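# Fold and geometry: a report
Listed here are the chains, written in short residue letters.
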Amino acid sequence: TSLPPLLPSAARYFSSSLLHHCLTELDRLHLSNSTPSQTTAYHAASSYGGIIPRVVLAPMSDLLSSSLHASASAAERRDLLSLFTFAATTAAVVLSTYGPPNIPFVLGVLRPTCGESTTNALALYVHYASVLSINGVAETYAHASMSPEELSQGPGLLSKALAALAFWTALKAGGGGGGDGHDAEDVVRALAVAMAARAGVALWWIR
(Lines give C-alpha, C1' and ligand atoms only; values in the text may rest on other atoms or scores of the structure.)
Protein backbone atom coordinates (compact mmCIF):
# COMPACT_ATOMS: atom_id res chain seq x y z
CA THR A 1 0.00 0.00 0.00
CA SER A 2 1.17 3.53 -0.78
CA LEU A 3 1.51 6.23 1.80
CA PRO A 4 -1.26 8.80 2.00
CA PRO A 5 -0.49 11.79 -0.25
CA LEU A 6 -0.26 14.06 2.78
CA LEU A 7 2.69 12.25 4.37
CA PRO A 8 5.35 12.98 1.71
CA SER A 9 4.39 16.66 1.74
CA ALA A 10 4.50 16.73 5.54
CA ALA A 11 7.96 15.13 5.47
CA ARG A 12 9.23 17.75 3.00
CA TYR A 13 7.84 20.62 5.07
CA PHE A 14 9.32 19.11 8.23
CA SER A 15 12.73 18.76 6.57
CA SER A 16 12.57 22.32 5.33
CA SER A 17 11.61 23.64 8.79
CA LEU A 18 14.35 21.59 10.45
CA LEU A 19 17.00 22.92 8.07
CA HIS A 20 15.73 26.47 8.55
CA HIS A 21 15.98 26.08 12.34
CA CYS A 22 19.51 24.70 12.04
CA LEU A 23 20.55 27.63 9.86
CA THR A 24 19.23 30.17 12.37
CA GLU A 25 20.85 28.39 15.34
CA LEU A 26 24.20 27.30 13.88
CA ASP A 27 26.03 30.40 15.08
CA ARG A 28 24.66 30.07 18.61
CA LEU A 29 25.44 26.35 18.75
CA HIS A 30 29.04 26.95 17.73
CA LEU A 31 29.54 29.83 20.17
CA SER A 32 27.99 27.95 23.09
CA ASN A 33 31.40 26.43 23.90
CA SER A 34 33.42 29.56 23.15
CA THR A 35 34.94 31.90 25.69
CA PRO A 36 32.85 34.83 26.97
CA SER A 37 35.05 37.30 25.09
CA GLN A 38 34.42 35.52 21.79
CA THR A 39 30.68 35.38 22.45
CA THR A 40 30.62 39.06 23.36
CA ALA A 41 32.55 39.96 20.20
CA TYR A 42 30.10 38.07 18.01
CA HIS A 43 26.98 39.49 19.64
CA ALA A 44 28.35 43.03 19.41
CA ALA A 45 29.21 42.52 15.73
CA SER A 46 25.80 41.03 14.91
CA SER A 47 23.97 43.76 16.84
CA TYR A 48 25.72 46.68 15.15
CA GLY A 49 26.21 44.96 11.80
CA GLY A 50 22.60 43.77 11.81
CA ILE A 51 21.40 47.37 11.64
CA ILE A 52 22.34 47.46 7.95
CA PRO A 53 20.16 44.50 6.88
CA ARG A 54 17.23 45.63 9.04
CA VAL A 55 17.26 49.28 8.00
CA VAL A 56 18.43 49.11 4.37
CA LEU A 57 18.27 45.60 2.91
CA ALA A 58 14.99 44.32 4.36
CA PRO A 59 12.98 47.29 3.01
CA MET A 60 14.65 46.78 -0.39
CA SER A 61 13.53 43.14 -0.48
CA ASP A 62 10.03 44.07 0.69
CA LEU A 63 9.75 46.72 -2.02
CA LEU A 64 10.90 44.27 -4.67
CA SER A 65 8.42 41.65 -3.46
CA SER A 66 5.47 44.06 -3.56
CA SER A 67 6.55 45.39 -6.97
CA LEU A 68 6.80 41.87 -8.39
CA HIS A 69 3.30 41.00 -7.20
CA ALA A 70 1.97 44.22 -8.74
CA SER A 71 3.71 43.71 -12.10
CA ALA A 72 1.77 41.92 -14.82
CA SER A 73 4.21 41.14 -17.61
CA ALA A 74 7.44 39.17 -17.75
CA ALA A 75 9.19 42.21 -19.23
CA GLU A 76 8.28 44.31 -16.20
CA ARG A 77 9.57 41.62 -13.87
CA ARG A 78 12.88 41.44 -15.75
CA ASP A 79 13.22 45.22 -15.56
CA LEU A 80 12.58 45.09 -11.82
CA LEU A 81 15.20 42.37 -11.42
CA SER A 82 17.76 44.44 -13.34
CA LEU A 83 16.99 47.58 -11.31
CA PHE A 84 17.15 45.92 -7.92
CA THR A 85 20.20 43.85 -8.83
CA PHE A 86 22.00 47.08 -9.72
CA ALA A 87 20.88 48.64 -6.41
CA ALA A 88 21.97 45.58 -4.41
CA THR A 89 25.32 45.38 -6.16
CA THR A 90 25.94 49.08 -5.55
CA ALA A 91 25.06 48.65 -1.88
CA ALA A 92 27.42 45.67 -1.62
CA VAL A 93 30.31 47.58 -3.20
CA VAL A 94 29.75 50.63 -0.98
CA LEU A 95 29.51 48.52 2.18
CA SER A 96 32.61 46.46 1.42
CA THR A 97 34.65 49.50 0.37
CA TYR A 98 33.74 52.11 2.98
CA GLY A 99 32.41 50.00 5.86
CA PRO A 100 35.47 48.23 7.32
CA PRO A 101 37.84 51.25 7.29
CA ASN A 102 35.33 53.31 9.31
CA ILE A 103 34.49 50.64 11.90
CA PRO A 104 37.13 51.76 14.47
CA PHE A 105 35.65 55.27 14.43
CA VAL A 106 32.05 54.01 14.75
CA LEU A 107 32.89 51.65 17.59
CA GLY A 108 34.90 54.37 19.27
CA VAL A 109 31.69 56.37 19.51
CA LEU A 110 29.20 53.57 20.22
CA ARG A 111 31.34 51.12 22.21
CA PRO A 112 34.65 52.65 23.32
CA THR A 113 35.55 49.66 25.51
CA CYS A 114 35.36 47.04 22.76
CA GLY A 115 38.46 45.07 21.85
CA GLU A 116 40.16 44.19 18.60
CA SER A 117 38.15 40.98 18.32
CA THR A 118 34.90 42.94 18.09
CA THR A 119 36.37 45.28 15.48
CA ASN A 120 37.54 42.38 13.32
CA ALA A 121 34.25 40.49 13.66
CA LEU A 122 32.25 43.59 12.75
CA ALA A 123 34.43 44.20 9.69
CA LEU A 124 33.61 40.69 8.50
CA TYR A 125 29.94 41.25 9.31
CA VAL A 126 29.90 44.22 6.95
CA HIS A 127 31.11 41.93 4.16
CA TYR A 128 28.43 39.44 5.21
CA ALA A 129 25.84 42.22 4.84
CA SER A 130 27.16 42.79 1.31
CA VAL A 131 26.43 39.18 0.45
CA LEU A 132 23.02 39.56 2.10
CA SER A 133 22.15 42.42 -0.25
CA ILE A 134 22.72 40.24 -3.32
CA ASN A 135 20.97 37.25 -1.80
CA GLY A 136 17.97 39.34 -0.74
CA VAL A 137 17.20 40.36 -4.31
CA ALA A 138 17.93 36.92 -5.77
CA GLU A 139 15.81 34.99 -3.25
CA THR A 140 12.95 37.49 -3.33
CA TYR A 141 12.73 37.23 -7.11
CA ALA A 142 13.12 33.44 -7.08
CA HIS A 143 10.52 32.93 -4.34
CA ALA A 144 8.04 35.14 -6.18
CA SER A 145 8.20 32.71 -9.10
CA MET A 146 8.02 29.54 -6.99
CA SER A 147 4.92 27.64 -5.94
CA PRO A 148 4.48 26.73 -2.24
CA GLU A 149 5.48 23.17 -3.09
CA GLU A 150 8.69 24.32 -4.76
CA LEU A 151 9.58 26.42 -1.75
CA SER A 152 9.43 23.37 0.53
CA GLN A 153 11.22 21.02 -1.86
CA GLY A 154 13.49 21.29 -4.90
CA PRO A 155 15.28 24.68 -4.94
CA GLY A 156 13.96 25.76 -1.55
CA LEU A 157 15.15 22.65 0.24
CA LEU A 158 18.37 22.51 -1.78
CA SER A 159 19.18 26.10 -0.84
CA LYS A 160 18.91 25.42 2.88
CA ALA A 161 20.79 22.13 2.69
CA LEU A 162 23.67 23.69 0.74
CA ALA A 163 23.77 26.68 3.09
CA ALA A 164 24.05 24.40 6.15
CA LEU A 165 26.79 22.36 4.44
CA ALA A 166 28.65 25.50 3.37
CA PHE A 167 28.47 26.91 6.92
CA TRP A 168 29.87 23.72 8.43
CA THR A 169 32.61 23.42 5.80
CA ALA A 170 33.71 27.05 6.16
CA LEU A 171 33.70 26.72 9.95
CA LYS A 172 35.92 23.64 9.83
CA ALA A 173 38.23 25.29 7.32
CA GLY A 174 38.57 28.29 9.64
CA GLY A 175 39.78 26.12 12.51
CA GLY A 176 38.20 28.04 15.37
CA GLY A 177 39.41 28.53 18.87
CA GLY A 178 42.68 30.08 17.79
CA GLY A 179 42.59 32.92 20.28
CA ASP A 180 40.48 35.72 21.63
CA GLY A 181 37.72 36.54 19.17
CA HIS A 182 38.94 34.04 16.56
CA ASP A 183 35.80 31.95 16.83
CA ALA A 184 33.60 35.02 16.36
CA GLU A 185 35.37 35.83 13.11
CA ASP A 186 35.08 32.24 11.93
CA VAL A 187 31.33 32.21 12.56
CA VAL A 188 30.72 35.44 10.64
CA ARG A 189 32.88 34.20 7.78
CA ALA A 190 30.95 30.93 7.71
CA LEU A 191 27.65 32.83 7.67
CA ALA A 192 28.82 34.77 4.61
CA VAL A 193 29.79 31.54 2.82
CA ALA A 194 26.41 29.98 3.66
CA MET A 195 24.59 33.06 2.37
CA ALA A 196 26.62 32.96 -0.84
CA ALA A 197 25.50 29.35 -1.31
CA ARG A 198 21.87 30.39 -0.91
CA ALA A 199 22.34 33.22 -3.39
CA GLY A 200 23.89 30.79 -5.87
CA VAL A 201 20.88 28.50 -5.74
CA ALA A 202 18.50 31.46 -6.18
CA LEU A 203 20.45 32.76 -9.18
CA TRP A 204 20.52 29.28 -10.67
CA TRP A 205 16.72 29.11 -10.31
CA ILE A 206 16.30 32.54 -11.92
CA ARG A 207 18.38 31.51 -14.94
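Residues numbered from 1 in each chain as written. Predicted model: local features only at pLDDT ≥ 70, side-chain atom pairs only at ≥ 80, totals over all residues. Heavy atoms only, no water.

## Overview of the overall build of the protein chain
In plain terms, the rule: Working definition: helices are DSSP H or I runs of at least four residues, strands are E runs of at least two. Numbering for both runs from the N terminus. The buried label applies to any residue whose accessible area, calculated with a 1.4 Å probe on protein chains only, is under 20% of its type's maximum; exposed applies above 50%, and partly exposed to all values in between. Contact definition: two residues touch when any of their heavy atoms are within 4.5 Å. In these tables, accessible area is a Shrake-Rupley quantity obtained with a 1.4 Å probe, and a residue counts as shielded only by the protein chains included in the view.
On a plain count of helices and strands, the protein chain comes out with eight helices and zero strands. Starting at the N terminus and walking to the C terminus, you meet the elements of the protein chain as α-α-α-α-α-α-α-α. When burial is assessed residue by residue, the protein chain has 40% of its 207 residues classed as buried. Within the protein chain, counting contacts between residues at least 6 apart in sequence, those at least 24 apart form 78% of the total. If you sum the accessible surface of the protein chain, you get close to 11,200 Å²; carbon and sulfur atoms cover 66% of it.

## Section: the packing of aromatic side chains
Applicable threshold: Classification of ring pairs rests on two measures: the distance between centres of Phe, Tyr or Trp rings, Trp counted by its six-membered ring, which must be within 6.5 Å, and the angle between planes, read as stacked under 30 degrees, edge-to-face over 60 and tilted in between.
Under the definition given, this model contains one aromatic pair. Note on Tyr125 and Tyr128: the rings are 5.1 Å apart at their centroids and 85° apart in plane angle, and the pair reads as edge-to-face. Remark: Tyr128 and Tyr125 occur in helix α5 (residues 116-144); sequence separation between them is three residues, near one turn of the helix. Under the relative-accessibility criterion, Tyr125 is labelled buried at 9%.

## As for the side chain of Glu139
Along the chain, Glu139 falls in helix α5. The exposure class assigned to Glu139 is buried, which follows from its relative accessible area of 10%. Aside from chain neighbours lying at most four places away, what touches Glu139 is Ser159, Arg198 and Ala202.

## As for the packing of helix α4 (residues 74-110) against α5
The axes of two packed helices give the description: the angle between them and the distance between them. Test applied: Angles shown run from 0 to 180 degrees and are taken between the N-to-C directions of axes, each axis being a line fitted to C-alpha atoms and, for helices, limited to the stretch in contact. Oblique is the label for any angle not covered by the other classes, which are roughly parallel (under 35 degrees), roughly antiparallel (over 145) and roughly perpendicular (65 to 115). In this count, Pro and Cys sit with the nonpolar residues alongside Ala, Val, Leu, Ile, Met, Phe, Trp and Tyr, while Asp, Glu, Lys and Arg are called charged and the others, Gly among them, polar.
Where α4 contacts α5, the two axes come as close as 8 Å, and the packing angle between them is 170°. Regarding the angle of α4 to α5, the classification is roughly antiparallel. Its residues assigned to classes, the contact of α4 with α5 shows 17 nonpolar, nine polar and two charged.

## Structural notes on the environment of Ala142
Inspection of the secondary structure puts Ala142 in helix α5. Separated by 59 residues in sequence, Ala142 and Val201 have C-alpha atoms that sit 9.3 Å apart.

## A closer look at the packing of helix α3 (residues 51-70) against α4
Where α3 contacts α4, the axes come no closer than 10 Å and their chain directions differ by 170°. Taken as axis vectors, α3 and α4 run roughly antiparallel relative to one another. For the pair α3 and α4, the contacting residues are Ile52, Met60, Leu63, Leu64, Ser67 and Leu68 in the first and Arg77, Leu80, Phe84, Ala87, Ala88 and Leu95 in the second. Class assignment of the residues belonging to the contact of α3 with α4 gives a composition of ten nonpolar, one polar and one charged.

## Quick word on the side chain of Ser133
Mapped onto the elements of the fold, Ser133 is located in helix α5. Exposure remark for Ser133: the relative accessible area of 2% places this residue in the buried category. Excluding residues that lie within four positions of it along the chain, Ser133 makes contacts with Leu57, Ala88 and Ala92.

## A few points about a nonpolar patch on the surface
What counts is decided by this rule: Two distance rules govern patches: like charges are joined within 9 Å, and nonpolar side chains (Val, Leu, Ile, Met, Phe, Trp, Tyr) within 5 Å, applied only to residues with over 30% relative accessible area and no salt bridge. Within this document, salt bridges are pairs made up of a side-chain nitrogen of Lys or Arg and a carboxyl oxygen of Asp or Glu, the two lying within 4 Å of each other.
On the surface, Leu158, Leu162, Leu165, Trp168 and Trp204 cluster together into a nonpolar patch covering about 540 Å² of accessible area. The dominant element in the nonpolar patch, judged by the number of residues it contributes, is helix α7 (residues 154-174), at four residues. Within the secondary structure, Leu162 sits in helix α7.

## Quick word on the environment of Ala199
Structurally, Ala199 can be placed in helix α8 (residues 182-206). Judged by its relative accessible area of 6%, Ala199 is buried. Along the sequence, Ala199 and Val131 sit 68 residues apart, while their C-alpha atoms lie 8.2 Å from each other.

## Overview of the nonpolar core
A general feature of soluble globular proteins is that nonpolar side chains tend to end up buried together. We apply this condition: Among buried residues, the Ala, Val, Leu, Ile, Met, Phe, Trp, Tyr and Cys ones that are joined through side-chain atoms within 4.5 Å form a nonpolar core.
Counting 29 residues, the largest nonpolar core has Tyr42, Ile103, Leu122, Tyr128, Phe167, Val187 and Leu191 as its most contacted members. Elements with a contribution of two residues or more to this core: α2 (36-49), α3, α4, α5, α7 and α8. Counting nine residues, the second-largest nonpolar core is a separate cluster that includes Leu80, Ala88, Val137 and Tyr141.

None of the figures reported here should be taken as evidence of function without further support.
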